[in-house]
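# Secondary and tertiary structure notes
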Amino acid sequence: MVAGSGGAAAQPASPPPVALDARLIEETVERAKSLPNLRSLIITHNGAVLTEQALGGARLDRPTNIKSASKTIMSALVGVAIERGVLQGVDQPVASILERSIPEDADPRVRQITIGHLLSMRAGLERTSGRNYGAWISSGNWVRDALSRPFVDEPGGRMLYSTGSTHLLSAALTRASKRSTLELARDWLGEPLDIAIAPWTRDPQGIYLGGNEMALSPRALHRFGEMYRQGGTIDGKRVVSENWIKESWTPRTSSPFTGDRYGYGWFMRDMRGHTAHYAWGFGGQMLYVIPSLGLTVTMTSDPTEPSREDNYIGQLHALVADGIVPALLPKQQDTTGSLGSSAQPTSAAPL
């Protein structure tokens, strides 16, 4: 996939064979090891492992808090729910499912918010992330609190990054399916991917937190990414529809913090002429999928340290854009690209 394309091919033709620059990969791994917050690094090319590194006492098979990379997992669950008829589609108003949680005095625009608006962070509601996060999770009813927030934009307007939006999706999945989000995640993703999904935080009503604090091992997160790279299949089994990946990787808005494009739970940025789709969690929990190069990269980090400090997130982007991607490019293309916006300091990190 070339940079600047409006949509996304979920399963592009296999990348042409290139002579892998093993020396550059080795140098990149050494550079990664110098980052004190980094805990794991997994790189695969067309499914073949280039490196697996466990750092700082971490283990590749031990669950870790993937923070807001959970939002990307939630997007996959919504896609499966639509495919199975549990949800009607991205244009379904979330009020049709969560009506009883809407306060009587709520702004009438709350009934215009769709599943797609929540997936793309365009609900229009005041954010529950950032400085509002603590008050939100201290409330007695996270769903009602999110739905009662004032509108700071119209539904379908600008990107307002908010964990409350993905929590509303978790609540909608729970009510529509009459099953917990944990059950759905284990059934729809854990079983076909052959990965373990441990219980995580629940709200006061017992709904699993949508969009934060899921625990997956680095290898499990990487396998999820490999499934997306392969167009929604793993080991010959269909997990997510190819069309859902295409929809999720279609830019629908852009981050006010980085300028990177955003689809349904995935960020997108250009790296040396190739589109990198990535999940991003607080502290530097990262999953990169670059289908046009057959590349999947997973990084996990200390989840207690903000990734914006010392532009840590920029350093992680640079490992991919300046080290891993060039190692897979034909040498005549090696100097044609750039880091894009990753050289800019990131002013905020997901929660």
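Every value quoted in this text rests on a predicted model; they were computed, and no experiment measured them.

What follows concerns the packing of helix α8 (residues 181–193) against helix α9 (residues 218–229). α9 packs onto α8 with a crossing angle of 95 degrees between their chain directions and a minimal axis gap of 10 Å. The angle between α8 and α9 places the two elements in the roughly perpendicular class. Along the contact surface, α8 presents Leu189, Pro192 and Leu193, while α9 presents Arg223, Phe224 and Met227. Its residues assigned to classes, the contact of α8 with α9 shows five nonpolar, no polar and one charged.

This part takes up the sheet that holds strand β12 (residues 295–301). A sheet is described by the order of its strands in space; here eight strands give the open sequence β2-β1-β12-β11-β10-β9-β8-β7, paired in antiparallel fashion. At either end of the open sheet lies a strand with only one pairing partner, and these are β2 (48–54) and β7 (253–254). Direction of pairing for β7 relative to strand β8 (residues 261–262): antiparallel, over a ladder of two bridges. Bridged to Ser254 within β8 is Arg261. Along the sheet, helix α1 (residues 22–33) makes contact with β1 (38–45) and β2, crossing β2 at roughly 20 degrees. Packed on one face of the sheet, helix α11 (residues 312–327) meets β1, β9 (267–271), β10 (274–281), β11 (285–290) and β12 and runs near 150 degrees to β12.

This part covers the confidence of the model for the protein. Taken as a whole, the protein shows an average pLDDT of 91; of its residues, 88% reach a score of 70 or greater. Contacts from residues 1–13, a stretch scored under 50 in pLDDT, to residues over four places away or in other chains number 36 contacts. Confidence over residues 333–349 falls short of pLDDT 50; this stretch has 39 contacts with residues more than four positions distant or in other chains.

Here we take up the nonpolar core. Counting 65 residues, the largest nonpolar core has Leu189, Ile197, Phe224, Met227, Tyr228 and Val240 as its most contacted members. Element by element, the count of residues in this core is highest for helix α2 (residues 70–83), at seven residues. Not counting chain neighbours up to four residues away, the residues in contact with Leu189 comprise Ile73, Ala76, Leu77, Leu184, Asp194, Ile195, Ile197, Phe224, Met227 and Val239. Listed in part, the 36 residues of the second largest apolar core include Leu55, Met271, Ile324 and Leu329.

Cut-offs and rules
Note that residues are indexed from 1 along each chain, following the sequence as it is written. Thresholds applied to this predicted model are a pLDDT of at least 70 for local features of residues and 80 or more for the giving and counting of side-chain atom pairs; totals over whole chains, interfaces and linings are not thresholded and use all residues. Only heavy atoms go into the side-chain values, all of them from the structure, while hydrogens and water stay out. Note on geometry: axes are lines fitted to C-alpha atoms, helical ones only across the stretch in contact, with angles between N-to-C directions running from 0 to 180 degrees. Secondary structure elements follow DSSP: runs of H or I no shorter than four residues count as helices, runs of E no shorter than two count as strands, and numbering proceeds from the N terminus. In what follows, roughly perpendicular refers to angles from 65 to 115 degrees, roughly parallel to angles under 35, roughly antiparallel to angles over 145, and oblique to any angle outside these ranges. What makes two residues a contact is simply this: any of their non-hydrogen atoms within 4.5 Å. Here the nonpolar group is Ala, Val, Leu, Ile, Met, Phe, Trp, Tyr, Cys and Pro; Asp, Glu, Lys and Arg are the charged ones; every other residue, Gly included, is treated as polar. DSSP calls a pair of strands paired once it identifies at least 2 bridges connecting them. pLDDT: the predictor's confidence for each residue, scored from 0 to 100. Only buried residues count toward a nonpolar core, which is a set of Ala, Val, Leu, Ile, Met, Phe, Trp, Tyr and Cys residues joined through side-chain atoms within 4.5 Å. Each residue gets one of three labels from its accessible area relative to the maximum for its type: buried under 20%, exposed over 50%, partly exposed in between, using a 1.4 Å probe on protein chains only.

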